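This is what each chain is made of:
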Amino acid sequence: MDEHASTGDPAARQDAGPDASPGASHGAEPQVTATLDGNVSSVTVVGELTEAARRPLVRAVTDQLLSTPTLHRLELQLSGVTFMNSAGMAVLVQLQRMTQPRAVTVALVEPPPTVARPLQLTGLWRRFEVVDDDDGPAGAGGSPPSGAQPRPDGPGGRSA
């Protein structure tokens, strides 16, 4: 199993100043860890999914694509994401576009409400395969060739 990690500078997160609120650190680079198991790449994101996440995520996915020509699935483990803005949504779309020429399925695994709700509200939710904890193993099933998400109603049967 191959593993790569990229972490943001923890000192930069704590150096926000005495008047900074806990939510004032938006833009801090998240921790990104990529593992490879055969033809499936699992990329775990912990922290904020913002513009600061673009570089480490694109780097991790590019490394996986280059090291595994037979890669057929990218699982984004998102349960550790605490915040996502429009730039974070753009990063998810960019990752999907990067993998599309090689027909690599991009699956969002256990997206928390901080990720799921903005994607639902914008309609981007339908672009991705979504795997929740209660759906079984992340490797079960696949997405349609269009890359569309097979469950249009969102997690828990709620509609957007």
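Residues numbered from 1 in each chain as written. Predicted model: local features only at pLDDT ≥ 70, side-chain atom pairs only at ≥ 80, totals over all residues. Heavy atoms only, no water.

1. Overview of the overall build of the protein
Scanning the protein from N- to C-terminus turns up four helices and six strands. Ordered by position from the N terminus, the helices and strands of the protein form the series β-α-β-β-α-β-α-β-α-β. Taken over 160 residues, the protein has a buried fraction of 41%. Long-range contacts, defined here as pairs at least 24 residues apart, represent 65% of the contacts in the protein between residues at least 6 apart. With the model as given, the accessible surface of the protein reaches about 8200 Å², and the carbon-plus-sulfur share is 53%. (Helix = DSSP H or I, 4+ residues; strand = E, 2+ residues; numbered from the N terminus. Buried < 20%, exposed > 50% of the residue type's maximum accessible area, 1.4 Å probe, protein only. Contact = heavy atoms within 4.5 Å. Areas by Shrake-Rupley, 256 points an atom, 1.4 Å probe, with all protein chains shown as cover.)

2. So, the environment of Ala 103
Mapped onto the fold, Ala 103 is located in the loop between α3 (86-99) and β5 (105-109). Distance in space between the C-alpha atoms of Ala 103 and His 72 is 6.8 Å, their sequence separation being 31 residues.

3. Things to note about helix α4 (residues 113-122)
Of the residues making up α4, those classed as buried are Val 115, Ala 116, Leu 119 and Gln 120. What you see down the axis of α4 is that its buried residues fit within an arc of 120°, all on one side. Turned more than 90 degrees from where α4 packs its buried face, Pro 113 and Leu 121 sit exposed. Where α4 is buried, its residues touch β4 (73-84), α3 and β5. Just downstream of α4 lies Gly 123, where phi reads positive at about 85°. (Arc of directions from axis to C-beta.)

4. Concerning the pattern of salt bridges
Under the criterion given, the structure shown has three salt bridges. Between Glu 51 and Arg 54 there is a salt bridge, with its nearest N and O atoms 3.0 Å apart. Separated by three residues within a single helix, Glu 51 and Arg 54 lie in helix α2 (residues 51-67), roughly one turn from each other. Two residues, Glu 129 and Arg 73, come together in a salt bridge whose shortest N-O distance is 3.0 Å. Pair noted here: Glu 129 is in strand β6 (residues 129-131) and Arg 73 is in strand β4, with a separation of 56 residues, a long-range link. Each member of the pair Glu 129 and Arg 73 is classed as buried. (Salt bridge = Lys/Arg side-chain N within 4 Å of Asp/Glu carboxyl O.)

5. A short note on α3
In a regular helix each residue adds 1.5 Å, so 14 residues correspond to 20 Å; α3 covers 20 Å between its end C-alpha atoms and thus fits that length. Those residues of α3 not exposed but buried are Ala 87, Gly 88, Met 89, Val 91, Leu 92, Val 93, Leu 95, Gln 96 and Thr 99. Lining the buried residues of α3 we find β3 (40-49), α2, β4, β5 and α4. (Expected span 1.5 Å × (residues − 1).)

6. Some thoughts on the side chain of Arg 73
For Arg 73, a relative accessible area of 4% corresponds to the buried category. Within polar-contact distance, the side chain of Arg 73 engages the side chain of Glu 129 at 3.0 Å. (Polar contact = N/O pair within 3.5 Å; in protein donor to acceptor, adjacent residues only side chain to side chain.)

It is worth stressing that arrangement in space is one thing and function is another; only the former is reported here.
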